Amino acid sequence: MNYSNQTGSPSSFKKRNYRPAIIAISIVLIGAIGVLSGLPGAENFTAFDITILPLLNAIFNSFTFLFLVAALIAILKKNVTVHRRFIYAAFCTTALFLVTYVAYHYLAESTPYGGSGFMAGFYYFILFSHIVLAAVIVPLALTSVARAWNMENARHRKIARWTMPIWLYVSLTGVLVYILISPYY
């Protein structure tokens, strides 16, 4: 998409209605993850050690966080092209995260946190806020990119002011959740 025309759209440009796709993708992703959280996991799966998948989740979340920070720096410097590339990179690592997350939760039961006291309270606060905001970020991120694609720059900036910090929080707390629960896998 050509972003060189920041003030108006060319006469040949046609805005698209991404709302139905955003709603459908959000419902399918959030619904699938919700269903998977209640499943017992696959029995007798021995093809590989599935505890590698949460590590991959954390790695993908780390890259998402770094790409988002780079995208934020780029847009603060008014470099739209670099910003766009880092946002696409963040979407790619988020998609890879979703694949490994869904695979793990399909194959394994949820791992209970084994800590107690302050650390348990801290873990569950981080986990709960992470889960809620991860569900919120799906339609927010998709809407943000759709507005950019439609060259609705003012509306894109307005929603991105919410999307960016929430997505940064979700990707960072995803890594933190892994660090806190990894001794119990």
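Since this is a predicted model, take the numbers as computed values, not measurements.

Peer 1: How should the overall build of the protein be read in this particular structure?
Peer 2: The number of helices and strands found in the protein is five helices and zero strands. Secondary structure elements of the protein occur, N-terminal to C-terminal, as α-α-α-α-α. In terms of principal-axis extent, the alpha carbons of the protein reach across some 60 × 30 × 25 Å. For the protein, the residues scored as buried account for 37% of the 185 residues in total. A fraction of 82% describes how many contacts in the protein between residues 6 or more apart in sequence connect residues 24 or more apart. Approximately 11100 Å² of the protein is accessible, and the part contributed by carbon and sulfur atoms is 69%. Computed over 13 positive and 4 negative side-chain charges, the separation of the two mean positions in the protein equals 33 Å.

Peer 1: Got a minute to help me understand the confidence of the model for the protein in this structure?
Peer 2: The predicted structure's coordinates, where accompanied by low pLDDT, should not be read in detail. Mean pLDDT over the protein stands at 91; residues scoring 70 or higher make up 94%. This stretch, residues 1-7, has a pLDDT under 50; its non-local contacts, to residues over four places away or in other chains, come to 14 contacts.

Peer 1: Explanation requested: unusual backbone geometry in the structure shown.
Peer 2: Working note: non-glycine residues mostly have negative phi, and peptide bonds are mostly trans. The phi torsion at N44 lies on the positive side, around 55 degrees, for a residue other than glycine. With respect to the helices and strands, N44 occurs in the loop between α1 (19-37) and α2 (52-76). Of note, M151 is a non-glycine position whose phi angle comes to about 60 degrees, a positive value. Mapping M151 onto the fold places it in the loop between α4 (118-149) and α5 (153-181).

Peer 1: What am I meant to see in the layout of surface pockets here?
Peer 2: If you roll a probe as big as a water molecule over the atoms, it shows you where there is empty space left. The volume enclosed by the largest pocket comes to roughly 1000 Å³. The element that contributes the greatest number of residues to the lining of the largest pocket is α4, accounting for eleven residues. Counted by class, the lining of the largest pocket contains 30 nonpolar, twelve polar and no charged residues. Its volume calculated, the second largest pocket comes out at about 750 Å³. Residue lining of the second largest pocket: 24 residues in total, with I75, H83, H156, R157 and A160 positioned closest to the centre. Broken down by element, the lining of the second largest pocket gets its largest block of residues, eight residues, from α5.

Peer 1: Explain the pattern of salt bridges here, please?
Peer 2: A side chain of one charge can pair with a side chain of the opposite charge when the charged atoms of the two come close. Counted under the stated rule, the structure contains two salt bridges. Between K15 and E152 there is a salt bridge; the shortest N-O distance is 3.6 Å. Separated by 137 residues along the polypeptide, K15 in the segment before α1 and E152 in the loop between α4 and α5 bring together distant segments of the chain. On the basis of relative accessibility, which here comes to 47%, the residue K15 falls in the partly exposed class.

Peer 1: Would you mind showing me how to read the nonpolar core here?
Peer 2: Side chains of nonpolar character tend, in soluble globular proteins, to be buried together. Within the largest apolar cluster, 15 residues are counted, with the highest numbers of intra-cluster contacts made by L68, I137, M164 and W167. Secondary-structure elements contributing two or more residues to this core are α2, α3 (80-107), α4 and α5. The contacts of W167, once residues within four sequence positions are left out, are T64, L68, A90, F91, T94, I137 and A141. Grouped together as the second largest cluster of nonpolar side chains are seven residues, Y113, A120, I126 and V177 included.

Peer 1: I would appreciate a short explanation of the packing of aromatic side chains in the present structure.
Peer 2: Between two aromatic rings, the relevant description is the distance of the centres plus the angle of the planes. For the coordinates displayed, the defined rule picks out 13 aromatic pairs. Taken together, the ring pairs in this structure connect Y113, Y123, Y124 and Y184 into an aromatic cluster.

Peer 1: Got a minute to help me understand the environment of A74 in this structure?
Peer 2: Residue placement: A74 occurs in helix α2. The exposure class assigned to A74 is buried, which follows from its relative accessible area of 6%. Placed 54 residues apart in sequence, A74 and F128 show a C-alpha to C-alpha distance of 31 Å. Apart from residues no more than four positions distant in its own chain, A74 is found in contact with N79, V82 and H83.

Rules used throughout
- Residues numbered from 1 in each chain as written.
- Predicted model: local features only at pLDDT ≥ 70, side-chain atom pairs only at ≥ 80, totals over all residues.
- Heavy atoms only, no water.
- Helix = DSSP H or I, 4+ residues; strand = E, 2+ residues; numbered from the N terminus.
- Buried < 20%, exposed > 50% of the residue type's maximum accessible area, 1.4 Å probe, protein only.
- Contact = heavy atoms within 4.5 Å.
- Areas by Shrake-Rupley, 256 points an atom, 1.4 Å probe, with all protein chains shown as cover.
- Lys, Arg positive; Asp, Glu negative; His and termini not counted.
- Charge placed at Lys NZ, Arg CZ, Asp CG, Glu CD.
- pLDDT = per-residue confidence, 0-100.
- 1 Å grid on protein atoms, 1.4 Å probe; cavity = no way out; pocket = protein on both sides within 12 Å on 5 of 7 lines; lining within 4 Å.
- Points joined across faces, edges and corners; volume = space filled by probe spheres on them.
- Nonpolar A, V, L, I, M, F, W, Y, C, P; charged D, E, K, R; others polar.
- Salt bridge = Lys/Arg side-chain N within 4 Å of Asp/Glu carboxyl O.
- Core = buried A, V, L, I, M, F, W, Y, C linked by side-chain atoms within 4.5 Å.
- Phe/Tyr/Trp six-rings, centres within 6.5 Å; stacked < 30°, edge-to-face > 60°.

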